[in-house]
Amino acid sequence: MNSVPTPHHAPVTDAAVAALDAADPLAAFRARFALPDGVIYLDGNSLGALPRDTVDRLHHVLHHEWGEGLIRSWNSADWFHAPRRVGSKLARLIGAQPHEVVVADSTSVNLFKLIVAALRARPGRAKVLSEPGNFPTDLYMIESALRTLGDGHRLALVPREALASAIDDDTALVLLTHVHYKTAELWDMAAMTQAAHARGALILWDLSHSAGAVEVDLNGAGADLAVGCGYKFLNGGPGAPAYLYVAERHLGALETPLGGWMGHARPFDFVDGYEAGPGIVRFQCGTPPILAVAALEAGVDLHLAADMRAVVAKSRALAELFIDLVSAYGEAHGITLVGPPRGAPRGSHVSFRHPEAYAIVQALIARGVIGDFRAPDVMRFGLTPLYLRFADVAAASQHLAQVMAREEWRDERFRVRSAVT
Ligand SMILES: *Cc1c(COP(=O)(O)O)cnc(C)c1O
């Protein structure tokens, strides 16, 4: 009988893992994070770890800028321009020009602003295209935008394989998440942007799982719009402000539906009528959260100190090591890889499917290996190049092997569900 050989990789030795760490050009960055002892942190794609610099930065902002400077710090510490300053730094991580990015609001709110702006810029076109299983808030915000506009727009969810060919002359906007939050599938940004433009549609990219982990070149791809999250790979802290990108050619033409005073042309004229500010400024709405923007800036600065190409290469290498290690025993325990196979383009997390994924993740957390669970049956492991060692990934795989071999997940205490998974 013919058999198709399953991809098989030689067993990974401890020496091979040690060699990977010894050759890691980013190894020194780990010391710049305040990581707790006894924890292997594989959830930096959901809440990035705390950079040591952030502690000092916030101490300074609290004591000097707020405590002593008081309201004078809007000028003397340049709080007023902080969202644009941090946006212009972030631009370097996503292939944008400095004046095309601003830090503001949450990813959800930024989605709303840009979806409405885009639909108004494409009058006569009814369709917004996205994929089923996109991150929930992206789909909910499309629904909210459509309810707000209330004029015959509709949302079409088309599976990934068929999406490019579903773009037609009635499509106003294509909204895609560059790296899928569950599967780590990666869209070809340039190809999809071209496909949207070929039919006259705009495209909006959600970079929440991309910036700081995979290569992003918004300008190179010709992208129109983008949003992204500050608290994941960028290490901006829990609930960090998000960012948005508007391509230079659209600045000045697109209108935000939330025209607050911080996006006004002259906020300190205190006039009654709204007049949109120049460029990216208009996409700010209210007063920026200065403490949170300062924390995000420290996270972004840390990323700018790292060689992005090394970050992207290490992300791939960590993922491939983890896939190889888990593949050696996973199948025997009913664990299957979700998303791109080894070697294919991917994001910086690895997900596996198992009917008992929730309890397995809890059993791993009890061992100090922190990943997360995504309903209904996915365990997800974020592999952050700046603070994970190859040895951490190898140790995490050994813990998973033991949890499975000893059936630790059967323990009742691992079935109790908390509000946040
Ligand atoms: C994390 C994430 C968000 C988060 O949105 P918030 O408004 O910060 O809650 C949005 N979109 C995607 C794709 C995400 O992964």
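**Considering the packing of aromatic side chains**
Part 1: Under the definition given, this model contains eleven aromatic pairs.
Part 2: Taking the centre distance of 6.3 Å and the plane angle of 55 degrees together, the rings of F352 and F381 count as tilted. Taken as a pair, F352 in strand β10 (residues 349-353) and F381 in strand β13 (residues 378-382) lie far apart in primary sequence, 29 residues in all. With respect to class, F352 is no different from F381; both count as buried.
Part 3: Ring pairs connect the aromatic residues F80, W261, F268 and F270, which therefore count as one cluster.
Part 4: The ring of F135 has K232 lying over it, and the distance from NZ or CZ to the ring centre is 5.2 Å.
Part 5: Between the NZ or CZ atom of R417 and the centre of the ring of Y358, over which it lies, the distance is 4.3 Å.

**What to know about the site of the ligand**
Part 1: Every residue close to the ligand is listed here: S106, T107, S108, F135, T137, D138, T177, D206, S208, H209, Y231 and K232.
Part 2: Between the ligand and D138 there is a distance of 3.0 Å, counted from a nitrogen atom to a side-chain nitrogen or oxygen.
Part 3: The contact in question runs from an oxygen atom of the ligand to an N or O atom on the side chain of K232, over 2.6 Å.
Part 4: For the shell around the ligand, the secondary-structure elements that each account for two or more residues are α5 (107-121) and α6 (136-149).
Part 5: In the shell around the ligand, the residues fall into two nonpolar, seven polar and three charged.

**Focus: the sheet that holds strand β5 (residues 171-177)**
Part 1: Spatial ordering of the open sheet is given by β2-β8-β7-β6-β5-β3-β4, a layout of seven strands whose pairing is mixed. In this open sheet, the two strands that pair with only one neighbour each are β2 (101-103) and β4 (154-157). Averaged over all pairs of adjacent strands, the angle between their axes in this sheet comes to 20 degrees, without regard to strand direction.
Part 2: The sheet contact formed by strand β3 (residues 127-130) and β4 spans four bridges and is parallel. Of the residues in β4, the one forming a bridge with V128 is L155.
Part 3: In the packing of helix α4 (residues 82-91) onto the sheet, the strands contacted are β2 and β8 (243-246), and the crossing angle to β2 comes to about 130 degrees.

How each quantity is defined
- Residues numbered from 1 in each chain as written.
- Predicted model: local features only at pLDDT ≥ 70, side-chain atom pairs only at ≥ 80, totals over all residues.
- Heavy atoms only, no water.
- Phe/Tyr/Trp six-rings, centres within 6.5 Å; stacked < 30°, edge-to-face > 60°.
- Helix = DSSP H or I, 4+ residues; strand = E, 2+ residues; numbered from the N terminus.
- Buried < 20%, exposed > 50% of the residue type's maximum accessible area, 1.4 Å probe, protein only.
- Lys NZ or Arg CZ within 6 Å of the ring centre and 35° of its normal.
- Near = heavy atom within 4 Å.
- Polar contact = N/O pair within 3.5 Å; in protein donor to acceptor, adjacent residues only side chain to side chain.
- Nonpolar A, V, L, I, M, F, W, Y, C, P; charged D, E, K, R; others polar.
- Pairing = 2+ DSSP bridges.
- Axes fitted to C-alpha atoms, helices over the stretch in contact; angles between N-to-C directions.
- Contact = heavy atoms within 4.5 Å.

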